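Reading the structure
What follows is each chain in one-letter form.
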Amino acid sequence: MKPHPFRRTAAPVVASLSALALVACTGGSEDGSDSGNGGGETEAITAEQFEEAMSTPTELTFWSWVPDIQNQVDMFEEAYPEIDVEYVNVGQGAEHYQQMRTAIQAGSGAPDVAQVEYQHLASFRLGGDLLDLTPYLQEDLSAAYPDWVWSQVSADGGLWGIPQDTGPLGSLYRTDLFADAGIEVPTTWDEFAQAAADYREAMPDSYLTNMPGNDPGQFVGLLWQAGARPFAYDGAETVTIDLDSPEVLQVVEYWQGLIADDLVSVDPDFNDQWYQALANGKYASWQVAAWGPVFLQGTAGNTSGLWAASTLPQWEEGQNISGNWGGSTDAVLSSTDNPIAATELARWINVEEAPATRFVQEQFLFPPSLSILESEEFLAEESEFYGGQQVNATFAEISETVPTDDFGWLPFMDFAYSAYNETLGSAIADRGDLVAGLQAWEAELVEYAESQGFTVE
Amino acid sequence: MTSTAPPAPAQPPPQRTANTLSTLRRREARAGYLFVLPFMIVFVAMLIVPLGYSGYLSVFREQLIGGTSFVGLENYARALSDATFTGGVARMALFLVIQVPIMLGLALLFALVLDSGRLRLQKFVRLAIFIPYAVPGVISALMWGYLYGPDFGPFAQLGEASGLGSPDFLSADFMLFSIMNIVTWGFIGYNMIIMYSALRSIPTEIYEAARVDGAGEVRIATAIKIPALRPALVLTTIFSVIGTFQLFNEPNILRTIAPNVIGNGYTPNLYAYNLAFVGQEVNYAAAIAFLLGFVIMVVSYIFQLSTSRKEATR
């Protein structure tokens, strides 16, 4: 899930002081010896052990910001009456992670199961805070997901979360505005650049698209599509930061051209101004993940029927490659006292058909699992907002085109994204020198990584 | 923050009553301690302990790889040469010297006008001035953020419609003033109420005497009211100094609409917060927070010193 932009802003001083105090309370208690990290040698649990764990009265805590996930939790409690799950929403995105870190450092109050986005799995794995689920699962789930999704949750011989939703990138566009401007849906980025210029000429008050300077998630998704693999983490002390590769430069220089010529707008996204711009036709298209179509329906309801979905423009004619932006897993924390029950909760709500289907139908999460991605019912659904198009089918096809080779993350993505906003993102918003911004981003990341004791490659 | 400890018994009292008096004193002392106890508990738990703790934290350095090590004052040295931190402090100092005089000046004016009793609908006006303060800071920042909006904000649309164009309130050049406007709007009423209640406590006989001597309203205001307001002015100024350096909500909210203008370290408080929770540099954030507290203390002290000097020379 993409975290929604409106976060509760706590009274800062009090909050940060008390949080500092909490953080400070950790002292010596480093990661316990009972955590199942490192994988490999641990034997898988037996059916008897599983039965026993699931029929013993147990209390679990579950943190997530998926709306109405209580429904799935209720279904789980019905299936396992002895397990009592306390569901808590501690905030969305950044706030959720702050609370998790604080609780982990404090050594108490951390949940058993927590929602963690793919790009943050590495940062929680770094402290040994995530449980390797492999020994606690009685079935091999690897075949249930597209390869690229599986590679996002598995690393170093361990499984660090159960996929909940994904965000393969596609394109949403306004059919009416495209028609008014007399342009075709571009299939390559070259055509897209030409279309941006033509569109701007025909519709001076509007832009073909918006490139926000505050959304590293989207930008990284576009890097993913272009074949760049800027980040990696070996699970120990070595990180890879490679932001001057030809693939990265290709993307950055491409947008530099559009931005410098005022062919795309550079408004920050997910704020009030941007919602209104979407609803008022300031942007004729949006390069967005699979969670975008439903999100847009809620944001720009007055434009129903005018939108359509397609694949991303491609770098080479005839290609069909996408990237990913967002999506979550449910991970189990290594501090849990009930690893079997906690793992089962994470698995059950995301893998069993009834709760997993509910995520798709009621919470509109884009499904990660092949069983739903390939189900007739899901694919055939026609969306009125998109002029009766089978949008699910479009994005299910796109999901197959996300490259299957590993796209890695740094174990400090929240810093990396924040540094993006200060460097490359600022250059975008100021219509400045994007390549210089990119270099500044890389320099900041390297400096931070080294100051934190990592070896940088 | 002054803690009031009861005075220690001074000279030993005369022999005859020594016993009864000392038991009485002791009992009084005990009662005194009992009265300040609730305050002391909260004060220690909520202020002294966290303060000590962040002081303790600030002399360590915890790395994501390599664990925690004692570094002494290294974090402080780093902060003093950290352009983001010093820049944030300088920005807040600029904010202070521009915004606080405007805000307190307007608050004083309103208080004097209200107190003169020559206003119609006095209660209504008083309430109207105070109401912005009742709006939570986060809400008012969101509201002003909408008003400032470059495409769909009412100011921009008005400017557009009249053909004048409108300034970009959220640009790097205007942002600080836009925030000043929000803070001023929000806090005039609060300061006005403090000054107004101070004015109400001046005995009316003084005014009568002044009028008998032939003084007009303006003369009364400058010769009697404003000097009598000195303690209230000092109080509101100190509060404003503290509030300014701790600025957080407004920039943090406006950040969502102008992320390129408001960076991680736009204000020192925002910087400490981002260091701790985004960069996971808790120790350095603690040092920043401590230094910020020190800056506030120094500025407040200098201000108090200068006002008491003035008072002494009068």
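Residues numbered from 1 in each chain as written. Chains lettered and ligands numbered in written order. Predicted model: local features only at pLDDT ≥ 70, side-chain atom pairs only at ≥ 80, totals over all residues. Heavy atoms only, no water.

All right, on to the overall build of chain B then. When helices and strands are counted, chain B shows 13 helices and two strands. On C-alpha atoms alone, chain B measures out to a radius of gyration of 25 Å, which is more than a quarter above the 20 Å that the 2.2 N^0.38 rule sets for 314 residues. Within chain B, buried positions represent 40% of all 314 residues. Within chain B, counting contacts between residues at least 6 apart in sequence, those at least 24 apart form 67% of the total. Only carbon and sulfur atoms are counted for the fraction: they give 67% of the accessible area of chain B, which is about 17600 Å². (Helix = DSSP H or I, 4+ residues; strand = E, 2+ residues; numbered from the N terminus. Rg over C-alpha atoms; globule rule 2.2 N^0.38 Å. Buried < 20%, exposed > 50% of the residue type's maximum accessible area, 1.4 Å probe, protein only. Contact = heavy atoms within 4.5 Å. Areas by Shrake-Rupley, 256 points an atom, 1.4 Å probe, with all protein chains shown as cover.)

This part takes up the domain arrangement of chain A. Residue and element names in this part refer to chain A. Domain assignment breaks chain A into domain 1 (47-166 + 327-374) and domain 2 (169-325 + 383-456). Just the C-alpha atoms count here: the centres of domain 1 and domain 2 sit 28 Å apart. Roughly 1900 Å² of surface becomes buried between domain 1 and domain 2 when both sides are summed, with 60% attributable to carbon and sulfur atoms. A per-residue breakdown of the area domain 1 buries against domain 2 is headed by Gln119, Trp148 and Phe366, which together make up 34% of the total. On the surface where domain 1 and domain 2 come into contact, there are one salt bridge. At the junction of domain 1 with domain 2, the criterion picks out five residue pairs in polar contact (both at pLDDT 80 or more). Only α5 (121-126) and α6 (147-153) provide two or more residues apiece to the side of domain 1 that touches domain 2. (Domains from an automatic or database assignment. Buried area = accessible area lost by both parts, 1.4 Å probe. Salt bridge = Lys/Arg side-chain N within 4 Å of Asp/Glu carboxyl O. Polar contact = N/O pair within 3.5 Å; in protein donor to acceptor, adjacent residues only side chain to side chain.)

This paragraph deals with the nonpolar core. Of all hydrophobic cores here, the largest spans 151 residues; its most connected members are Phe219, Trp255, Trp286, Trp441 and Leu445 of chain A. Excluding residues that lie within four positions of it along the chain, Trp286 of chain A makes contacts with Gly170, Ser171, Leu172, Thr209, Gln218, Phe270, Trp274, Trp291, Gly292, Phe295, Leu296 and Trp325 of chain A. By size, the runner-up hydrophobic cluster in this structure holds 64 residues, among which are Val183, Ile220, Ala285 and Ile288 of chain B. (Core = buried A, V, L, I, M, F, W, Y, C linked by side-chain atoms within 4.5 Å.)

Before going further, it helps to examine the packing of helix α11 (residues 272-279) of chain A against helix α12 (residues 292-299) of chain A. All names here are of chain A. As a packed pair, α11 and α12 sit with axes 10 Å apart at the nearest point and diverge in direction by 90°. It follows from the interaxial angle that α11 and α12 lie roughly perpendicular. For the pair α11 and α12, the contacting residues are Trp274, Tyr275, Leu278 and Ala279 in the first and Phe295, Leu296 and Thr299 in the second. (Axes fitted to C-alpha atoms, helices over the stretch in contact; angles between N-to-C directions. Parallel < 35°, antiparallel > 145°, perpendicular 65-115°, else oblique.)

Per the UniProt record, "domain: ABC transmembrane type-1" (unreviewed entry) is found at residues 89-303 of chain B. Spanning residues 89-303 of chain B, this segment combines 75% helix with 0% strand, and its end C-alpha atoms are found 17 Å apart. (UniProt positions renumbered as here; feature names shortened; annotations may be inferred.)

Our next topic: the interface of chain A and chain B. Listed by partner, the interface residues are 43 residues for chain A and 35 residues for chain B. Taking both sides of the interface into account, the surface hidden between chain A and chain B amounts to around 3400 Å²; carbon and sulfur atoms contribute 60%. Summed over the shared surface of chain A and chain B, the number is one salt bridge. The partner of Asp151 of chain B in a salt bridge is Lys282 of chain A, and the shortest N-O contact between them spans 2.5 Å. Our count for the contact surface shared by chain A and chain B stands at 13 residue pairs in polar contact (both at pLDDT 80 or more). Listing elements by their share of the side of chain A that touches chain B, those giving two or more residues are α1 (12-24), α4 (94-106), α11, α18 (413-422), α19 (424-429) and α20 (434-451) of chain A. Per-element accounting of the side of chain A that touches chain B gives the leading share, eight residues, to α1 of chain A. Of the residues that constitute the side of chain A that touches chain B, the class distribution is 19 nonpolar, 15 polar and nine charged. (Nonpolar A, V, L, I, M, F, W, Y, C, P; charged D, E, K, R; others polar.)

The subject of this paragraph is the domain arrangement of chain B. Residues and elements named next belong to chain B. If you check the domain split of chain B, you get domain 1 (22-70) and domain 2 (82-313). Computed over C-alpha atoms only, the centres of domain 1 and domain 2 are separated by 31 Å. Summing the contributions of domain 1 and of domain 2, the shared interface buries around 610 Å²; its carbon and sulfur component is 63%. In this assembly, domain 1 and domain 2 are joined by zero salt bridges. On the surface where domain 1 and domain 2 come into contact, there are two residue pairs in polar contact (both at pLDDT 80 or more). Top contributing element to the side of domain 1 that touches domain 2 by residue count: helix α1 (residues 18-57), with four residues. Its residues assigned to classes, the side of domain 1 that touches domain 2 comprises four nonpolar, three polar and two charged.

Below, the discussion takes up the UniProt feature "transmembrane region" (unreviewed entry) in chain B. As recorded in UniProt, the sites labelled "transmembrane region" (unreviewed entry) are residues 31-53, 92-115, 127-149, 169-190, 228-248 and 284-303 of chain B. Each end of residues 31-53 of chain B is marked by a C-alpha atom, and these two atoms are 31 Å apart; helix forms 100% of the span and strand 0%.

What follows covers the packing of aromatic side chains. All names here are of chain A. Per the stated rule, a full pass over the model turns up 52 aromatic pairs over all chains. Look at Phe415 and Tyr448: their rings are 3.8 Å apart centre to centre, the planes differ by 10°, and that puts the pair in the stacked class. Remark: Tyr448 occurs in helix α20 and Phe415 occurs in helix α18; sequence separation between them is 33 residues. Given a relative accessible area of 12%, Phe415 falls into the buried group. Of the residues examined, Tyr448 reaches a relative accessible area of 4% and is grouped as buried. An aromatic cluster is defined as three or more aromatic residues linked by ring pairs; in this entry it consists of Phe270, Trp274, Tyr275, Trp286, Trp291, Phe295 and Trp325. (Phe/Tyr/Trp six-rings, centres within 6.5 Å; stacked < 30°, edge-to-face > 60°.)

So, about the side chain of Ser285 of chain A. Residues and elements named next belong to chain A. With respect to the secondary-structure elements, Ser285 resides in strand β9 (residues 285-289). Using a relative accessible area of 3% as the deciding quantity, one classes Ser285 as buried. Among the polar contacts listed, one links the side chain of Ser285 to the side chain of Gln287, at a separation of 3.2 Å. Dropping the residues within four chain positions of it, Ser285 is found in contact with Leu172, Tyr173, Phe178, Phe192, Leu208, Thr209 and Asn210.

This part covers the pairing of strand β8 (residues 238-241) of chain A. Residues and elements named next belong to chain A. Going residue by residue along β8, you find Val239 and Ile241 tucked away on one face and Thr238 and Thr240 left uncovered on the opposite face. Hairpin connection of strand β7 (residues 231-233) to β8: four residues between the antiparallel strands, including Gly235 at a positive phi of 85°. The sheet contact formed by β8 and strand β12 (residues 455-456) spans two bridges and is parallel. Bridged to Thr238 within β12 is Thr455. (Pairing = 2+ DSSP bridges.)

All names here are of chain A. Structurally, Glu442 can be placed in helix α20. As a buried residue without a salt bridge, Glu442 has its nearest oppositely charged side chain in Arg229, at a separation of 15 Å. At a separation of 3.2 Å, a polar atom in the side chain of Glu442 contacts the main-chain amide nitrogen of Leu243. Once residues lying within four places of it in the same chain are set aside, the contact partners of Glu442 are Ile241, Asp242, Leu243 and Asp244. (Lys, Arg positive; Asp, Glu negative; His and termini not counted.)

With that settled, consider the sheet that holds β7 of chain A. On the basis of which strands lie adjacent, the open sheet formed by three strands has the order β7-β8-β12 (chain A) and mixed pairing. The two strands at the open ends of the sheet, each matched to only one other strand, are β7 and β12 of chain A.

Here we come to empty space enclosed by the protein. Counting across every chain of the model gives six cavities of 30 Å³ or more. In this model, the second largest cavity occupies a volume close to 70 Å³. Residue lining of the second largest cavity: Gln452 of chain A together with Phe60, Arg61, Glu62, Asn75, Arg78, Glu281, Val282, Asn283 and Tyr284 of chain B, and that is the complete set. Elements supplying a minimum of two residues to the lining of the second largest cavity: β1 (60-63), α2 (74-80) and α13 (282-313) of chain B. Each residue belonging to the lining of the second largest cavity can be placed in one class, and the counts come to three nonpolar, three polar and four charged. When we break the lining of the second largest cavity down by domain, the ones giving at least three residues each are domain 1 (22-70) and domain 2 (82-313) of chain B. (1 Å grid on protein atoms, 1.4 Å probe; cavity = no way out; pocket = protein on both sides within 12 Å on 5 of 7 lines; lining within 4 Å. Points joined across faces, edges and corners; volume = space filled by probe spheres on them.)

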